[in-house]
Amino acid sequence: MKQILNLSVVNNFVLVAIVFILSISMSPYYIDGDQYHYRKVYEGLQGLSLLDGFVFYTLNLDSKEVVHFFLSWLGSNQGVDKDLLMAFSNSFLAYGTIMLLRKWKVSIFIIALLLLTNFYFYVLYFAAERLKFGFIFLTFSLLYIRYFYIFSVLSVIAHIQMSIVYLSMLFNIILKHITDTIRFKYIKKSFLYILVFLMIILPIIFFYLGTHFTAKFEHYSGEHNLFELSKIFIFFIFSLWYSKNRKEVIFLFLPLLMAVYLIGGERVNMIGYFVFLYYALPVKKGFNIGIIATSVYFLFASVGFTINILEYGNGFYEK
(Lines give C-alpha, C1' and ligand atoms only; values in the text may rest on other atoms or scores of the structure.)
Protein backbone atom coordinates (compact mmCIF):
# COMPACT_ATOMS: atom_id res chain seq x y z
CA MET A 1 0.00 0.00 0.00
CA LYS A 2 2.83 2.35 0.90
CA GLN A 3 4.56 1.60 -2.43
CA ILE A 4 1.37 2.46 -4.32
CA LEU A 5 1.08 5.78 -2.47
CA ASN A 6 4.74 6.58 -3.14
CA LEU A 7 4.31 5.75 -6.83
CA SER A 8 1.26 8.01 -6.97
CA VAL A 9 3.23 10.88 -5.45
CA VAL A 10 6.08 10.32 -7.92
CA ASN A 11 3.66 10.28 -10.87
CA ASN A 12 2.07 13.52 -9.67
CA PHE A 13 5.46 15.18 -9.29
CA VAL A 14 6.63 14.02 -12.72
CA LEU A 15 3.49 15.38 -14.40
CA VAL A 16 3.78 18.75 -12.66
CA ALA A 17 7.49 18.89 -13.58
CA ILE A 18 6.74 18.15 -17.24
CA VAL A 19 4.12 20.91 -17.33
CA PHE A 20 6.65 23.30 -15.79
CA ILE A 21 9.37 22.37 -18.31
CA LEU A 22 6.90 22.58 -21.21
CA SER A 23 5.79 26.01 -20.01
CA ILE A 24 9.24 27.48 -19.46
CA SER A 25 10.37 26.13 -22.85
CA MET A 26 7.48 27.40 -24.97
CA SER A 27 6.43 30.62 -23.23
CA PRO A 28 9.34 32.72 -24.59
CA TYR A 29 8.07 32.04 -28.11
CA TYR A 30 4.60 33.43 -27.38
CA ILE A 31 5.22 37.14 -27.92
CA ASP A 32 2.29 38.26 -30.06
CA GLY A 33 -1.48 38.51 -29.60
CA ASP A 34 -2.59 39.06 -26.01
CA GLN A 35 0.87 38.13 -24.78
CA TYR A 36 2.30 41.25 -26.41
CA HIS A 37 0.14 43.37 -24.09
CA TYR A 38 0.73 41.15 -21.04
CA ARG A 39 4.50 41.39 -21.49
CA LYS A 40 4.38 45.14 -22.00
CA VAL A 41 2.31 45.64 -18.85
CA TYR A 42 4.50 43.28 -16.83
CA GLU A 43 7.57 45.34 -17.69
CA GLY A 44 5.74 48.61 -17.09
CA LEU A 45 4.67 47.62 -13.57
CA GLN A 46 8.23 47.54 -12.35
CA GLY A 47 8.92 50.40 -9.94
CA LEU A 48 5.27 51.43 -9.58
CA SER A 49 3.42 51.49 -6.27
CA LEU A 50 0.51 49.10 -5.79
CA LEU A 51 -2.07 51.83 -6.49
CA ASP A 52 -0.22 53.37 -9.42
CA GLY A 53 0.42 49.89 -10.77
CA PHE A 54 -3.28 49.05 -10.65
CA VAL A 55 -4.17 52.24 -12.54
CA PHE A 56 -1.49 51.47 -15.13
CA TYR A 57 -2.73 47.88 -15.40
CA THR A 58 -6.40 48.76 -15.89
CA LEU A 59 -5.62 51.46 -18.45
CA ASN A 60 -3.43 49.18 -20.58
CA LEU A 61 -5.37 45.92 -20.31
CA ASP A 62 -8.90 47.22 -19.76
CA SER A 63 -9.18 44.70 -16.94
CA LYS A 64 -9.91 44.75 -13.22
CA GLU A 65 -9.01 41.15 -12.38
CA VAL A 66 -6.96 41.75 -9.26
CA VAL A 67 -5.34 38.30 -8.96
CA HIS A 68 -3.46 38.54 -12.24
CA PHE A 69 -2.63 42.18 -11.55
CA PHE A 70 -1.26 41.53 -8.06
CA LEU A 71 0.90 38.59 -9.14
CA SER A 72 2.18 40.55 -12.14
CA TRP A 73 2.92 43.60 -9.99
CA LEU A 74 4.62 41.50 -7.32
CA GLY A 75 6.65 39.45 -9.78
CA SER A 76 7.71 42.47 -11.80
CA ASN A 77 8.84 44.43 -8.74
CA GLN A 78 10.71 41.43 -7.36
CA GLY A 79 12.58 40.99 -10.61
CA VAL A 80 11.00 37.61 -11.40
CA ASP A 81 11.00 36.67 -15.07
CA LYS A 82 7.44 36.68 -16.40
CA ASP A 83 7.77 33.32 -18.17
CA LEU A 84 9.11 31.75 -14.98
CA LEU A 85 6.18 33.13 -12.96
CA MET A 86 3.66 31.77 -15.47
CA ALA A 87 5.43 28.39 -15.54
CA PHE A 88 4.98 28.13 -11.77
CA SER A 89 1.33 29.19 -12.20
CA ASN A 90 0.84 26.45 -14.79
CA SER A 91 2.34 24.00 -12.31
CA PHE A 92 -0.27 25.02 -9.73
CA LEU A 93 -2.99 24.48 -12.34
CA ALA A 94 -1.56 21.05 -13.14
CA TYR A 95 -1.28 20.14 -9.46
CA GLY A 96 -4.87 21.17 -8.69
CA THR A 97 -6.14 19.27 -11.73
CA ILE A 98 -4.18 16.13 -10.85
CA MET A 99 -5.39 16.09 -7.25
CA LEU A 100 -9.00 16.72 -8.29
CA LEU A 101 -8.99 14.00 -10.94
CA ARG A 102 -7.27 11.61 -8.55
CA LYS A 103 -10.16 12.30 -6.19
CA TRP A 104 -12.52 11.29 -9.00
CA LYS A 105 -10.54 8.01 -9.46
CA VAL A 106 -9.36 8.95 -12.97
CA SER A 107 -6.48 6.97 -14.46
CA ILE A 108 -3.07 8.68 -14.37
CA PHE A 109 -2.73 7.98 -18.11
CA ILE A 110 -5.92 9.94 -18.87
CA ILE A 111 -4.77 12.74 -16.56
CA ALA A 112 -1.45 12.91 -18.41
CA LEU A 113 -3.27 12.89 -21.75
CA LEU A 114 -5.35 15.89 -20.72
CA LEU A 115 -2.56 17.92 -19.14
CA LEU A 116 0.02 17.34 -21.88
CA THR A 117 -2.00 17.24 -25.10
CA ASN A 118 -5.34 18.99 -24.60
CA PHE A 119 -5.96 22.19 -26.55
CA TYR A 120 -7.88 23.94 -23.78
CA PHE A 121 -5.11 23.31 -21.27
CA TYR A 122 -2.60 24.71 -23.76
CA VAL A 123 -4.76 27.82 -24.09
CA LEU A 124 -4.70 28.21 -20.30
CA TYR A 125 -0.94 27.56 -20.13
CA PHE A 126 0.13 30.03 -22.80
CA ALA A 127 -2.62 32.40 -23.92
CA ALA A 128 -5.42 32.97 -21.38
CA GLU A 129 -3.30 34.23 -18.50
CA ARG A 130 -6.07 35.80 -16.44
CA LEU A 131 -8.50 32.95 -17.06
CA LYS A 132 -5.84 30.50 -15.89
CA PHE A 133 -6.03 31.80 -12.32
CA GLY A 134 -9.81 31.53 -12.40
CA PHE A 135 -9.45 27.83 -13.26
CA ILE A 136 -6.79 27.31 -10.57
CA PHE A 137 -9.20 28.51 -7.90
CA LEU A 138 -12.02 26.54 -9.54
CA THR A 139 -10.07 23.30 -9.13
CA PHE A 140 -9.27 24.19 -5.51
CA SER A 141 -12.94 24.98 -4.79
CA LEU A 142 -13.93 21.52 -6.04
CA LEU A 143 -10.98 19.84 -4.35
CA TYR A 144 -11.31 21.44 -0.93
CA ILE A 145 -15.09 21.51 -0.44
CA ARG A 146 -14.69 22.89 3.09
CA TYR A 147 -13.38 26.13 1.58
CA PHE A 148 -15.64 26.05 -1.48
CA TYR A 149 -17.12 29.53 -1.03
CA ILE A 150 -13.73 31.17 -0.39
CA PHE A 151 -12.13 29.66 -3.50
CA SER A 152 -15.28 30.34 -5.52
CA VAL A 153 -15.11 34.06 -4.76
CA LEU A 154 -11.38 34.09 -5.54
CA SER A 155 -12.08 32.32 -8.84
CA VAL A 156 -14.67 34.91 -9.91
CA ILE A 157 -12.43 37.77 -8.80
CA ALA A 158 -9.59 36.21 -10.79
CA HIS A 159 -11.74 36.23 -13.95
CA ILE A 160 -15.32 37.36 -14.35
CA GLN A 161 -15.98 34.54 -16.85
CA MET A 162 -15.80 32.06 -13.97
CA SER A 163 -19.07 33.51 -12.68
CA ILE A 164 -20.76 31.53 -15.48
CA VAL A 165 -19.46 28.30 -13.95
CA TYR A 166 -20.70 29.06 -10.46
CA LEU A 167 -23.97 30.55 -11.64
CA SER A 168 -24.62 27.28 -13.48
CA MET A 169 -23.91 25.38 -10.26
CA LEU A 170 -26.16 27.69 -8.26
CA PHE A 171 -28.88 27.52 -10.89
CA ASN A 172 -28.88 23.73 -10.52
CA ILE A 173 -28.83 23.85 -6.71
CA ILE A 174 -31.54 26.50 -6.44
CA LEU A 175 -33.87 24.67 -8.83
CA LYS A 176 -33.34 21.46 -6.88
CA HIS A 177 -34.11 23.23 -3.60
CA ILE A 178 -37.20 24.85 -5.08
CA THR A 179 -38.38 21.46 -6.33
CA ASP A 180 -37.77 19.89 -2.89
CA THR A 181 -39.51 22.79 -1.14
CA ILE A 182 -42.63 22.39 -3.29
CA ARG A 183 -42.54 18.63 -2.88
CA PHE A 184 -41.94 18.43 0.88
CA LYS A 185 -43.32 21.88 1.84
CA TYR A 186 -40.19 22.54 3.88
CA ILE A 187 -37.32 24.98 3.35
CA LYS A 188 -33.91 23.54 4.18
CA LYS A 189 -31.41 25.62 6.15
CA SER A 190 -28.79 25.03 3.47
CA PHE A 191 -31.07 26.76 0.95
CA LEU A 192 -31.43 29.76 3.25
CA TYR A 193 -27.64 29.89 3.68
CA ILE A 194 -27.21 29.94 -0.10
CA LEU A 195 -29.74 32.76 -0.48
CA VAL A 196 -28.05 34.82 2.25
CA PHE A 197 -24.65 34.19 0.65
CA LEU A 198 -25.96 35.35 -2.73
CA MET A 199 -27.56 38.45 -1.22
CA ILE A 200 -24.21 39.43 0.29
CA ILE A 201 -21.71 38.44 -2.37
CA LEU A 202 -23.50 39.25 -5.65
CA PRO A 203 -23.89 43.00 -4.97
CA ILE A 204 -20.21 43.16 -4.01
CA ILE A 205 -19.08 41.35 -7.18
CA PHE A 206 -21.28 43.38 -9.51
CA PHE A 207 -20.35 46.64 -7.78
CA TYR A 208 -16.69 45.88 -8.35
CA LEU A 209 -16.90 44.19 -11.76
CA GLY A 210 -20.19 45.51 -13.13
CA THR A 211 -18.71 47.82 -15.76
CA HIS A 212 -16.15 45.17 -16.70
CA PHE A 213 -18.93 42.60 -17.15
CA THR A 214 -20.93 45.02 -19.29
CA ALA A 215 -17.89 45.65 -21.49
CA LYS A 216 -17.42 41.91 -21.97
CA PHE A 217 -21.07 41.56 -22.97
CA GLU A 218 -20.85 44.37 -25.50
CA HIS A 219 -17.65 42.92 -26.96
CA TYR A 220 -18.75 39.30 -27.33
CA SER A 221 -22.53 39.45 -27.73
CA GLY A 222 -22.31 39.66 -31.51
CA GLU A 223 -20.04 36.63 -31.92
CA HIS A 224 -22.60 33.87 -31.41
CA ASN A 225 -23.56 31.56 -34.27
CA LEU A 226 -25.01 28.13 -34.94
CA PHE A 227 -21.57 26.54 -35.21
CA GLU A 228 -20.58 27.64 -31.70
CA LEU A 229 -23.94 26.47 -30.34
CA SER A 230 -23.49 23.11 -32.04
CA LYS A 231 -20.13 22.56 -30.33
CA ILE A 232 -21.43 23.13 -26.82
CA PHE A 233 -24.50 21.06 -27.70
CA ILE A 234 -22.16 18.12 -28.41
CA PHE A 235 -20.70 18.41 -24.90
CA PHE A 236 -24.26 18.60 -23.59
CA ILE A 237 -25.25 15.36 -25.35
CA PHE A 238 -22.09 13.59 -24.16
CA SER A 239 -22.77 14.75 -20.59
CA LEU A 240 -26.33 13.41 -20.76
CA TRP A 241 -24.94 10.09 -21.99
CA TYR A 242 -22.50 9.66 -19.09
CA SER A 243 -24.49 11.22 -16.25
CA LYS A 244 -26.82 9.31 -13.96
CA ASN A 245 -28.66 12.54 -13.20
CA ARG A 246 -29.88 13.95 -16.50
CA LYS A 247 -31.99 16.63 -14.86
CA GLU A 248 -28.85 18.01 -13.23
CA VAL A 249 -27.07 18.09 -16.60
CA ILE A 250 -29.95 20.05 -18.15
CA PHE A 251 -29.96 22.54 -15.27
CA LEU A 252 -26.18 23.02 -15.56
CA PHE A 253 -26.12 23.45 -19.33
CA LEU A 254 -29.12 25.78 -19.67
CA PRO A 255 -27.14 28.82 -18.37
CA LEU A 256 -24.19 27.80 -20.56
CA LEU A 257 -26.31 27.60 -23.69
CA MET A 258 -27.70 31.06 -22.93
CA ALA A 259 -24.22 32.36 -22.10
CA VAL A 260 -23.08 31.70 -25.67
CA TYR A 261 -24.95 34.93 -26.43
CA LEU A 262 -23.30 36.69 -23.53
CA ILE A 263 -19.52 36.17 -23.67
CA GLY A 264 -18.88 34.36 -26.94
CA GLY A 265 -19.09 30.76 -28.03
CA GLU A 266 -15.46 29.68 -27.74
CA ARG A 267 -15.14 30.80 -24.13
CA VAL A 268 -18.36 29.11 -23.06
CA ASN A 269 -17.42 25.98 -25.01
CA MET A 270 -14.35 25.66 -22.82
CA ILE A 271 -16.59 25.69 -19.75
CA GLY A 272 -18.97 23.21 -21.39
CA TYR A 273 -16.05 20.90 -22.12
CA PHE A 274 -14.95 20.90 -18.47
CA VAL A 275 -18.53 20.18 -17.37
CA PHE A 276 -18.48 17.22 -19.78
CA LEU A 277 -15.22 16.05 -18.17
CA TYR A 278 -16.92 16.17 -14.76
CA TYR A 279 -19.45 13.57 -15.92
CA ALA A 280 -17.31 11.49 -18.30
CA LEU A 281 -13.98 11.14 -16.50
CA PRO A 282 -15.25 9.03 -13.56
CA VAL A 283 -16.70 6.48 -16.04
CA LYS A 284 -14.20 3.60 -16.42
CA LYS A 285 -11.51 5.87 -14.94
CA GLY A 286 -11.68 7.99 -18.09
CA PHE A 287 -11.19 5.15 -20.56
CA ASN A 288 -14.38 5.68 -22.54
CA ILE A 289 -15.32 6.68 -26.05
CA GLY A 290 -16.30 10.26 -25.19
CA ILE A 291 -12.99 11.07 -23.48
CA ILE A 292 -10.83 9.31 -26.07
CA ALA A 293 -12.66 10.85 -29.05
CA THR A 294 -12.52 14.40 -27.71
CA SER A 295 -8.91 13.92 -26.59
CA VAL A 296 -7.86 12.91 -30.11
CA TYR A 297 -9.70 15.91 -31.57
CA PHE A 298 -8.10 18.35 -29.12
CA LEU A 299 -4.68 16.73 -29.59
CA PHE A 300 -4.68 17.79 -33.25
CA ALA A 301 -5.93 21.24 -32.22
CA SER A 302 -3.10 21.61 -29.70
CA VAL A 303 -0.52 20.58 -32.34
CA GLY A 304 -1.69 23.39 -34.60
CA PHE A 305 -1.73 25.77 -31.63
CA THR A 306 1.86 24.83 -30.74
CA ILE A 307 3.09 25.22 -34.32
CA ASN A 308 1.56 28.69 -34.47
CA ILE A 309 3.34 29.67 -31.25
CA LEU A 310 6.72 28.46 -32.48
CA GLU A 311 6.39 29.92 -35.98
CA TYR A 312 4.34 33.08 -35.50
CA GLY A 313 4.48 33.86 -31.76
CA ASN A 314 0.69 33.56 -31.46
CA GLY A 315 -1.25 30.33 -30.94
CA PHE A 316 -4.33 31.81 -32.59
CA TYR A 317 -2.49 33.07 -35.67
CA GLU A 318 -4.56 32.88 -38.85
CA LYS A 319 -2.98 33.10 -42.30
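Scroll up for the structure.
Since this is a predicted model, take the numbers as computed values, not measurements. (Residues numbered from 1 in each chain as written. Predicted model: local features only at pLDDT ≥ 70, side-chain atom pairs only at ≥ 80, totals over all residues. Heavy atoms only, no water.)

1. Let's talk about the overall build of the protein
Part 1 of the argument: Each helix and strand in the protein was counted, giving 15 helices and zero strands.
Part 2 of the argument: Here the contacts in the protein between residues at least 6 apart in sequence split such that 73% fall between residues at least 24 apart.
Part 3 of the argument: Roughly 16,900 Å² of accessible area belongs to the protein as shown, and the carbon and sulfur atoms make up 71% of that amount. (Helix = DSSP H or I, 4+ residues; strand = E, 2+ residues; numbered from the N terminus. Contact = heavy atoms within 4.5 Å. Areas by Shrake-Rupley, 256 points an atom, 1.4 Å probe, with all protein chains shown as cover.)

2. Observations regarding the nonpolar core
Part 1 of the argument: Residues Leu-115, Phe-135, Tyr-273, Phe-274 and Phe-305 are the most contacted members of the largest nonpolar core, which totals 77 residues.
Part 2 of the argument: Aside from chain neighbours lying at most four places away, what touches Tyr-273 is Leu-114, Asn-118, Tyr-120, Phe-235, Thr-294 and Phe-298.
Part 3 of the argument: Formed by seven residues, the second largest nonpolar core is a distinct cluster that contains Tyr-38, Tyr-57, Leu-61 and Phe-69. (Core = buried A, V, L, I, M, F, W, Y, C linked by side-chain atoms within 4.5 Å. Buried < 20%, exposed > 50% of the residue type's maximum accessible area, 1.4 Å probe, protein only.)

3. Looking at the environment of Gln-35
Part 1 of the argument: Along the chain, Gln-35 turns up in helix H2 (residues 34-44).
Part 2 of the argument: Residues Gln-35 and Ala-128, spaced 93 residues apart in sequence, show a C-alpha to C-alpha distance of 8.8 Å.
Part 3 of the argument: With residues up to four places along the chain from it excluded, the contact list for Gln-35 reads Tyr-30, Lys-82, Phe-126, Ala-127 and Glu-129.

4. Looking at helix H5 (residues 82-103)
Part 1 of the argument: An ideal rise of 1.5 Å per residue puts 32 Å on 22 residues; H5 measures up with 32 Å between its terminal C-alpha atoms.
Part 2 of the argument: Put simply, Asp-81 is the residue that caps the front of H5, since its side-chain oxygen is 3.1 Å from the backbone nitrogen of Asp-83.
Part 3 of the argument: A positive phi of about 65 degrees marks Lys-105, the residue just after H5. (Expected span 1.5 Å × (residues − 1). Polar contact = N/O pair within 3.5 Å; in protein donor to acceptor, adjacent residues only side chain to side chain.)

5. Regarding the layout of surface pockets
Part 1 of the argument: By volume, the second largest pocket amounts to about 730 Å³.
Part 2 of the argument: What lines the second largest pocket is a set of 31 residues, among which Trp-104, Leu-138, Leu-142, Met-169 and Tyr-278 lie closest to the centre.
Part 3 of the argument: For the lining of the second largest pocket, the class distribution of residues is 25 nonpolar, four polar and two charged. (1 Å grid on protein atoms, 1.4 Å probe; cavity = no way out; pocket = protein on both sides within 12 Å on 5 of 7 lines; lining within 4 Å. Points joined across faces, edges and corners; volume = space filled by probe spheres on them. Nonpolar A, V, L, I, M, F, W, Y, C, P; charged D, E, K, R; others polar.)

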